Amino acid sequence: MLRFPTTRSSSSVAGTITSVIRSCYIGYIFFLGIMLAKLIILHSGLHAPNIDMNRQDKLIAVGSVMLLSFWTLWLPRRGQTIALISLNLLLTLVIYADIVYYRYFQDFITVPVLFQAGQMDALGGSIFALLRPTDLYLFVDWILLIAFGIGIGLYRRYFRTYSSNTTFSTHGQSHYYARTSHFRPSSRLMRVLKRSANGVVALVLGCILTFGPIHSYATTWAKGLFTGNWWSLAMYNVTGLIGFHGYDIYLYAKDHLGPQPELSQKEASSMKLWFNEHNAEQSTLNDSFGKYSGSNIVVIQAEAFMNFVVGRSINGQEVTPNLNSLIKENTYFSNYYHQTSQGRTSDADFASNGSLYPLVSGSIFVRYPDHQFDTLPAILKSKGYSTNAFHAYEGSFWNRQIMYKAIGYDRFYSKKDYKIDEPLGWSLGDKSFLRQSLNIMDTAESIQKPFYSFLTTLSSHHPYSLPADKQGLDTGEFKGTIFGDYLQAVHYTDEALGELVSDMKQRGLWDNTILAFYGDHDNSIQETSYYEQFLGKSLNKLDMHQIMHQVPLLIHLPGTNSSVVDSNPAGQLDLTPSLLHLLGISQDPYYLMGNNLFSGRERLVTLRTGAFADAKRSYLPSENGQFDSGTCYSLDSRETIDVAGCSTGFETSKQRLQISDDIMKYDGIKMLRKEESAP
Ligand code: GP9
Ligand code: MN
């Protein structure tokens, strides 16, 4: 703390200011106020769903600053001042780094970002373009503090010169020094006790202010966020910036630090053995192996596009006329399952491109972007393909811009790369999105043929409300319901698919490109009555299970126009092994858990819940996870059969999920590769 002689002559403005600063309460409250102001400045620069911070958000902000700083109240005054100034410096830098990073990536800095070298590439030389003159508001307190420090310095200098010429100087030590240097032991003890109590009060208050509102958010509108953890911005809206970083550090520590879980040699060998057997089973050198070698690949993952609409009409109008006519000339998998979990779109993406099961909790994209995987883009890139991902939304959503780089895409075209000439729903309408994406992959100099392009549509996202001029169906009795809106949205996306196919034909891409089109997951509309009304029949548990878990998969093979309908169960994990097969790329060196859909073998498809389907049966697990409490159905009779009939499939599925979970947890592919390359 700054100390001044407190003689009568010096008890001026500066004396008042310094005594105010000396008061630990005022200094601390001042610090909290400044940090709150800075967090409000940060928030006002985000285009966050919550435009303004509400009162609870501000309580969380103050509370979390208190949690970071309560301990400074235990320090003597000089130490407290130094600690608060240091904390201010540190927090201001964190806030500013987040502001600049957010301007480019629409995301906050996380631990994996810090650890992934090259992550900031994209910022590169453009960092100066991201700075704004108004950023200076963040540093106003520093400027004032420096000015104040200089002022005090000058004042002291002046006062010393002045006092050396007066009788006051002969008094030697100031009153202040006199006070502080002659403490009685009891008053010193009192001060220590008082400081301790202050710190504890700040800690308790910090906990209440932070965790009270967070708890109320997490149990209402943000339910499931801490397990789902789908988007940094959603997390920020619940926890505030400091809470966001705290939780991010906690997650990282949980996954990476502490006693690292190690896979035993025995488990590693059995994992390796499983893959050896699986690859041997799936590799089939039949006629279709390599038949389309060198073709371009375009994969379209369509938002909430379910299978029950395929081939159906409403009021005499087909819901998906374009997909229906494509099915007449291409290969259609009529019992294709989505295998997603909490990671929704990102799970479908990973299952399809990485051929491993999603996590029970959270998204692989968010939790393990730094783990090693064998992915379709990376494999194709190693074979000379240009690999690009396209999705006209914020690049940070589902951590895509980090993950896409990690899994082998040359470039990710996100919202900022599109002209928003057809604003629709969250972003750009699918018609324009597909048109612009095709134009990019066909004409961009950086994209050489053959190419692999992965496109994720968005217009048919929940809650499915399209403007009137985009509604092409007469949904009759469903008009005004979410189900009716869903049919409209799917119909619109189907039109977009139709336009893309014509465009591909016109550009001469249809005959040298494999096109795969599939839905990512269900539409979250759970009411059985809608489906019964739409399909005109009553539905049992198995019917609803299939409706909610099946999405269409269409594969166009260049040069063929015969219709093949494959009704054997299949799933998203099967996409990568199947496309590799068509291109003549052996799956042997890779760790992919899906089936090769062109091997001609019978298949078993496992869902994340432990449900499975093979050619004859379908098993639906119970909530308690016990095998016996689940239900086994015969797919011929569609009636329940003795659960024992599903025991082998249950064990197979359990083993698959376990292996996939071990790969995630132990960074298993990296580990197996290391073993392979060991002498
Ligand atoms: C947004 C889109 C939607 O980028 O992928 O994700 P979802 O909410 O369906 O998981
Ligand atoms: Mn989705």
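1. Some points on the packing of helix α17 (residues 430–443) against helix α18 (residues 482–506)
Consideration 1: The interhelical angle for the contact between α17 and α18, taken along N-to-C directions, is 25 degrees, at an axis separation of 8 Å. It follows from the interaxial angle that α17 and α18 lie roughly parallel. The two elements α17 and α18 meet at a crossing, and its hand is right-handed. Residues Asp430, Lys431, Leu434, Arg435 and Leu438 of α17 form the contact with α18, whose participating residues are Tyr492, Thr493, Glu495, Ala496, Leu497, Glu499, Leu500, Asp503 and Met504.
Consideration 2: A class-by-class count of the residues in the contact of α17 with α18 yields seven nonpolar, one polar and six charged.

2. Thoughts on the pairing of strand β11 (residues 513–519)
Consideration 1: In terms of burial, β11 is largely enclosed, as seven of its seven residues are buried.
Consideration 2: Because side chains alternate across β11, one face comprises the buried residues Thr513, Leu515, Phe517 and Gly519, and the other comprises Ile514, Ala516 and Tyr518, equally buried.
Consideration 3: Summarising the sheet, strand β1 (residues 296–302) and β11 pair through seven bridges and their orientation is parallel. Bridge pairing in β11 places Asn296 opposite Thr513.
Consideration 4: Two elements, β11 and strand β12 (residues 553–556), share four bridges in a ladder whose sense is antiparallel. Bridge pairing links Phe517 to Leu554 in β12.

3. A closer look at the pattern of salt bridges
Consideration 1: For the structure on display, the rule yields 20 salt bridges.
Consideration 2: The salt bridge partner of Asp543 is Arg638, with a shortest N-O separation of 2.9 Å. In this pair, Asp543 sits in helix α20 (residues 541–549) while Arg638 sits in the loop between β18 (631–634) and β19 (640–641), placing the two residues 95 residues apart along the sequence.
Consideration 3: Owing to a relative accessible area of 13%, Asp543 belongs among the buried residues under this scheme.
Consideration 4: On the accessibility criterion, Arg638 (27% relative accessible area) is partly exposed.
Consideration 5: Linked by salt bridges that have partners in common, Lys272, Asp374, Arg673 and Glu676 make up one network.

4. Here's the deal with the site of ligand 1
Consideration 1: Taken together, Glu303, Arg344, Thr345, His391, Tyr393, Phe397, Trp398, Arg400, Trp426, Leu458, His461 and His521 make up all the residues around ligand 1.
Consideration 2: A distance of 3.0 Å is found between an oxygen atom of ligand 1 and a side-chain nitrogen or oxygen belonging to Trp398.
Consideration 3: Between ligand 1 and His461, the relevant distance is 2.8 Å, taken from an oxygen atom to a side-chain nitrogen or oxygen of the residue.
Consideration 4: Relative to its unbound accessible area of 310 Å², ligand 1 is 93% covered by the protein chains.

5. Observations regarding the sheet that holds β18
Consideration 1: As summarised here, the arrangement of the five strands in space is β15-β16-β17-β18-β19, forming an open sheet in which the pairing is antiparallel. Looking along the sheet, the strands with just one partner apiece sit at the ends: β15 (605–606) and β19.
Consideration 2: Taken together, the two bridges between β15 and strand β16 (residues 612–613) define a ladder with antiparallel strand orientation. Directly across from Val605, in β16, lies its bridge partner Ala613.

6. Observations regarding the coordination of the manganese ion (ligand 2)
Ideal geometry at a metal centre gives angles of 109.5 degrees when four donors are arranged tetrahedrally and 90 or 180 degrees when six donors are arranged octahedrally.
Consideration 1: Taken together, Glu303 (OE), Glu303 (OE), Thr345 (OG1), Asp520 (OD) and His521 (NE2) make up the full set of protein donors to the manganese ion (ligand 2), lying 2.0 to 2.6 Å away.
Consideration 2: For the manganese ion (ligand 2), the six donor atoms in the first shell make angles of 54 to 169 degrees at the metal, a pattern classed as irregular.
Consideration 3: Read in sequence order, the donor residues for the manganese ion (ligand 2) give the motif E-x41-T-x174-D-H. Taken together, the positions of Glu303 in the loop between β1 and β2 (313–314) and Asp520 in the loop between β11 and α19 (528–535) put the pair 217 residues apart, joining distant regions of the chain.

7. A short note on the environment of Asp417
Consideration 1: Structurally, Asp417 is set in the loop between β7 (411–413) and β8 (423–424).
Consideration 2: Note on Asp417: relative accessible area 26%, which makes it partly exposed.
Consideration 3: With 24 residues separating them in the primary sequence, Asp417 and Tyr393 have C-alpha atoms 9.6 Å apart.
Consideration 4: Each residue touching Asp417, except ones within four places of it in the same chain, is listed here: Arg411 and Phe412.

8. Here we look at α19
Given 3.6 residues to a turn, an α-helix orients residues that are three or four positions apart in the same direction.
Consideration 1: Those residues of α19 that sit buried are Tyr530, Tyr531, Phe534 and Leu535. Viewed end-on, α19 has its buried residues packed into an arc of 115 degrees, placing them on one side of the element.
Consideration 2: Count one or two residues on from α19 and you reach Gly536, which has phi positive near 70 degrees.

9. Some words on the sheet that holds strand β13 (residues 564–566)
Consideration 1: Taken together, eight strands build an open sheet; the order of strands is β7-β6-β10-β1-β11-β12-β4-β13 and the sheet is mixed. Here the strands that pair on one side only, and so sit at the sheet edges, are β7 and β13. Sheet twist, expressed as the mean angle between neighbouring strand axes with direction ignored, is 15 degrees.
Consideration 2: When strand β6 (residues 386–390) meets strand β10 (residues 451–456), the two strands line up parallel, connected through five bridges. In the strand pairing of β10, Thr387 is matched with Tyr452.
Consideration 3: Where α17 meets the sheet, it contacts β1, β6, β7 and β10, and its direction lies at approximately 165 degrees from that of β10.
Consideration 4: Packing of α18 onto the sheet brings it into contact with β1 and β11, and relative to β11 it is tilted by some 180 degrees.

10. Observations concerning the side chain of Thr210
Consideration 1: Here Thr210 is to be found in helix α8 (residues 185–218).
Consideration 2: Here Gly206 takes part through its backbone oxygen, which lies 2.7 Å from a polar atom of the side chain of Thr210.
Consideration 3: Not counting chain neighbours up to four residues away, the residues in contact with Thr210 comprise Ile60, Gly63, Ser64 and Leu67.

11. A closer look at the pairing of β1
Consideration 1: The element β1 is extensively covered by neighbouring structure, given that seven of its seven residues are classed as buried.
Consideration 2: Covered by surrounding structure in β1 are Asn296, Val298, Ile300 and Ala302 together with Ile297, Val299 and Gln301, the residues of both alternating faces.

Calculation rules
Residues numbered from 1 in each chain as written. Chains lettered and ligands numbered in written order. Predicted model: local features only at pLDDT ≥ 70, side-chain atom pairs only at ≥ 80, totals over all residues. Heavy atoms only, no water. Axes fitted to C-alpha atoms, helices over the stretch in contact; angles between N-to-C directions. Helix = DSSP H or I, 4+ residues; strand = E, 2+ residues; numbered from the N terminus. Parallel < 35°, antiparallel > 145°, perpendicular 65-115°, else oblique. Left-handed = near helix turned anticlockwise from the far one by under 90°. Contact = heavy atoms within 4.5 Å. Nonpolar A, V, L, I, M, F, W, Y, C, P; charged D, E, K, R; others polar. Buried < 20%, exposed > 50% of the residue type's maximum accessible area, 1.4 Å probe, protein only. Pairing = 2+ DSSP bridges. Salt bridge = Lys/Arg side-chain N within 4 Å of Asp/Glu carboxyl O. Near = heavy atom within 4 Å. Polar contact = N/O pair within 3.5 Å; in protein donor to acceptor, adjacent residues only side chain to side chain. Areas by Shrake-Rupley, 256 points an atom, 1.4 Å probe, with all protein chains shown as cover. Donors = N, O, S within 2.8 Å, 3.2 Å for Na, K, Ca; no water. Tetrahedral: all angles 85-135°; square planar, octahedral: opposite > 155°, others 65-115°. Arc of directions from axis to C-beta.

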